[in-house]
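Below, each chain spelled out in residue letters.
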2 protein chains.
Amino acid sequence: MTKAKHETLIDRCRESGLRITGQRRVILEVLDAASDHPDVEELHRRVGEIEPGVNIATVYRTMNKLAEHDLIERHMFDDGRLRYEPAPEEHHDHFIDVETGEVIEFMSDEIERLQEEIARQHGFEIVSHKLELYVKRRKTD
Amino acid sequence: MTKAKHETLIDRCRESGLRITGQRRVILEVLDAASDHPDVEELHRRVGEIEPGVNIATVYRTMNKLAEHDLIERHMFDDGRLRYEPAPEEHHDHFIDVETGEVIEFMSDEIERLQEEIARQHGFEIVSHKLELYVKRRKTD
DNA sequence: ATTCTTGCAAACTTTTTGCACCGAT
DNA sequence: ATCGGTGCAAAAAGTTTGCAAGAAT
C-alpha cells in the first residue's frame, strides 16, 4: 500500500517558489513519510522528534501554505480535526475504521462514474467530492 | 423540496423523555422549519428572532442532546463548522454548490449498493457513510 | 419534590495573527 | 538587500462546563 512517489514534496515546494527552511524541510519530510492522515498536533509531535523547537504556529502556517499551492489535501473526518496528506497523484476515497480510527484509501472507477452521472442529472458538474465510508471489519473469521 | 414530515421534532423529543422547555420549543421549531443545514450560530440567530435571550450555550447543549438521541444529524462540510438537520426518515447524501454554498440533498440506490459492494470486497461492513459532491451549476443556457 | 434545563461566565481547544527578528534567495 | 518565514504571545473562533437559580415533570 506504499504509493510510488514520483516527486517529493520538497521538489514540489521549490517549483512553487516556496522557501525551503530548516523547519519546512522537516515538516515536508514528515508528511512524505506519513502513510496515515495526521492532524496538526500529531505532525507537530513527529516534527519535534526529529527537530525540537519548531513552533506549532509554524506547522499551521506551513500546512496552509501547502494547501494554497495544492501540495497537500485537507480532510475533516468525523472527529472534527483538520488532517492532511500529500496531494495524491490519483484521487481516492477513504474507509474510516470506526473501531480503530484507521484510515484506508480506496478508489472505484464505477463510483466515480456514477457520481458524475448523478451530478449531470441534477444539472451540476462536480468540482470535487468526498466519500467517506465509516466501516468495521467483518467478523467472518 | 419540502419533505413530508410525519412526525415533528417536539413529538420525538417527548417520546425520548426530553423536557420541552420554552427555549427548546423554539429551537425545535426552527430546526423543523429549516430546509437548509444551519450551524449553531445561525440557529441561535433564528431562535433569537422568535424569542430573544436564549443563550448560545443552550443551543449547543440542546443540539448535543438531540444528537445523542438521534433526533438530528450532524454534518461537517468543508467550512469546518458543525451543521445540523432533523434526522431524515431516509438516508440521503449532499450536493454542495461551491458558488452559492447551497446544500442540496440527493439519493442514489445505485451508489449505495456500490458502496456496500466495495466495502465487502475490502472485508468491511459499512457503519455509516458520507458522500459530499462539491458542484457547480452547468452553464448550458 | 425531584430532576432536568438554563444563564452566565470562565475554561478549553483549535487555529490565526501582530510584531520584531532571522534566514533563504 | 529583499522578502518570506519563524517564534512567541496574544487573540479569535468554536465549543464545553461548573455552578447556582429556575422550570418541567
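What you see is a predicted model; the values in this text were computed from it and never measured. (Residues numbered from 1 in each chain as written. Chains lettered and ligands numbered in written order. Predicted model: local features only at pLDDT ≥ 70, side-chain atom pairs only at ≥ 80, totals over all residues. Heavy atoms only, no water.)

1. Brief notes about the protein's contact with DNA strand D
Logical step 1: Taken together, 20 residues lie near DNA strand D, and Gln23(A), Arg24(A), Thr58(A), Tyr60(B) and Arg81(B) sit nearest.
Logical step 2: Looking at DNA strand D alone, sugar and phosphate atoms form 70% of those within 4 Å of the protein.
Logical step 3: Contact distances for DNA strand D include 3.2 Å between a phosphate oxygen and a backbone N or O atom of Asn55(A).
Logical step 4: For the surface near DNA strand D, the class distribution of residues is five nonpolar, seven polar and eight charged. (Near = heavy atom within 4 Å. Polar contact = N/O pair within 3.5 Å; in protein donor to acceptor, adjacent residues only side chain to side chain. Nonpolar A, V, L, I, M, F, W, Y, C, P; charged D, E, K, R; others polar.)

2. Brief notes about the relation of the copies chain A and chain B
Logical step 1: If you rotate chain A by 179 degrees and push it 0.0 Å along the axis, it lands on chain B with an RMSD of 0.1 Å. Viewed as a symmetry operation, the transformation between the two copies matches a two-fold axis. Across chain A, the smallest distance between a C-alpha and the rotation axis is recorded for Leu131(A), namely 2.2 Å.
Logical step 2: When the interface residues of chain A are mapped onto chain B, 100% of them again lie at the interface, so the same face is used by both copies. (Least-squares fit on C-alpha atoms with pLDDT ≥ 70 in both. Contact = heavy atoms within 4.5 Å.)

3. Comments concerning the nonpolar core
Logical step 1: The biggest cluster of nonpolar side chains holds 24 residues, and the ones touching the most others in it are Phe95(A), Leu133(A), Phe95(B) and Leu133(B).
Logical step 2: Mapped by element, the contributors of at least two residues to this core are strand S4 (103-106), helix H5 (109-121) and strand S5 (124-137) of chain A together with strand S4 (103-106), helix H5 (109-121) and strand S5 (124-137) of chain B.
Logical step 3: Setting aside residues no more than four positions away along its own chain, Leu133(B) makes contact with Gln115(A), Ile126(A), Ser128(A), His129(A), His94(B), Phe95(B), Ile96(B) and Phe106(B). (Core = buried A, V, L, I, M, F, W, Y, C linked by side-chain atoms within 4.5 Å. Buried < 20%, exposed > 50% of the residue type's maximum accessible area, 1.4 Å probe, protein only. Helix = DSSP H or I, 4+ residues; strand = E, 2+ residues; numbered from the N terminus.)

4. Some details on the UniProt feature "binding site: Fe cation" (unreviewed entry) in chain A
Logical step 1: Mapped onto the present numbering, the UniProt feature "binding site: Fe cation" (unreviewed entry) falls at His91(A), Asp93(A), Glu112(A) and His129(A). A maximum C-alpha distance of 9.9 Å among these annotated residues, which run over 39 residues, shows that they cluster at one spot.
Logical step 2: By the secondary structure assignment, Asp93(A) is in strand S3 (residues 93-97).
Logical step 3: Judged by relative accessible area, which is 2%, Asp93(A) ranks as buried.
Logical step 4: Along the chain, His129(A) falls in strand S5.
Logical step 5: Excluding residues within four positions of it along the chain, His129(A) makes contact with His91(A), Asp93(A), Glu112(A), Gln115(A), Glu132(B), Leu133(B) and Tyr134(B). (UniProt positions renumbered as here; feature names shortened; annotations may be inferred.)

5. Brief notes about the packing of aromatic side chains
Logical step 1: With the rule as written, the count across this model stands at four aromatic pairs over all chains.
Logical step 2: In this structure an aromatic cluster arises from ring pairing among Phe95(A), Phe106(A) and Phe124(B). (Phe/Tyr/Trp six-rings, centres within 6.5 Å; stacked < 30°, edge-to-face > 60°.)

6. As for the pattern of salt bridges
Residues and elements named next belong to chain A.
Logical step 1: Going through the model one piece at a time under the given rule, you end up with 18 salt bridges over all chains.
Logical step 2: In this structure, Glu49 engages Arg45 in a salt bridge whose closest nitrogen and oxygen atoms are separated by 2.7 Å. Of the two residues, Glu49 and Arg45 are both situated in helix H3 (residues 40-50); the distance of four residues between them amounts to about one turn of the helix.
Logical step 3: In this structure, Arg137 and Glu102 form a salt bridge, with 3.9 Å as the shortest nitrogen-oxygen distance. Here Arg137 is found in strand S5, whereas its partner Glu102 is found in the loop between S3 and S4, with 35 residues between them in sequence. (Salt bridge = Lys/Arg side-chain N within 4 Å of Asp/Glu carboxyl O.)

7. A closer look at the domain arrangement of chain A
Residue and element names in this part refer to chain A.
Logical step 1: Partitioning chain A into structural domains gives domain 1 (9-86) and domain 2 (93-135).
Logical step 2: Between domain 1 and domain 2, the contact holds six residues from the first and six residues from the second.
Logical step 3: Sorting the residues of domain 1 by area buried against domain 2 places His37, Phe77 and Asp78 first, and these three jointly supply 64% of that buried surface.
Logical step 4: Between domain 1 and domain 2 we count two residue pairs in polar contact (both at pLDDT 80 or more) in total.
Logical step 5: Looking at the side of domain 1 that touches domain 2, its residues break down into two nonpolar, two polar and two charged. (Domains from an automatic or database assignment. Buried area = accessible area lost by both parts, 1.4 Å probe.)

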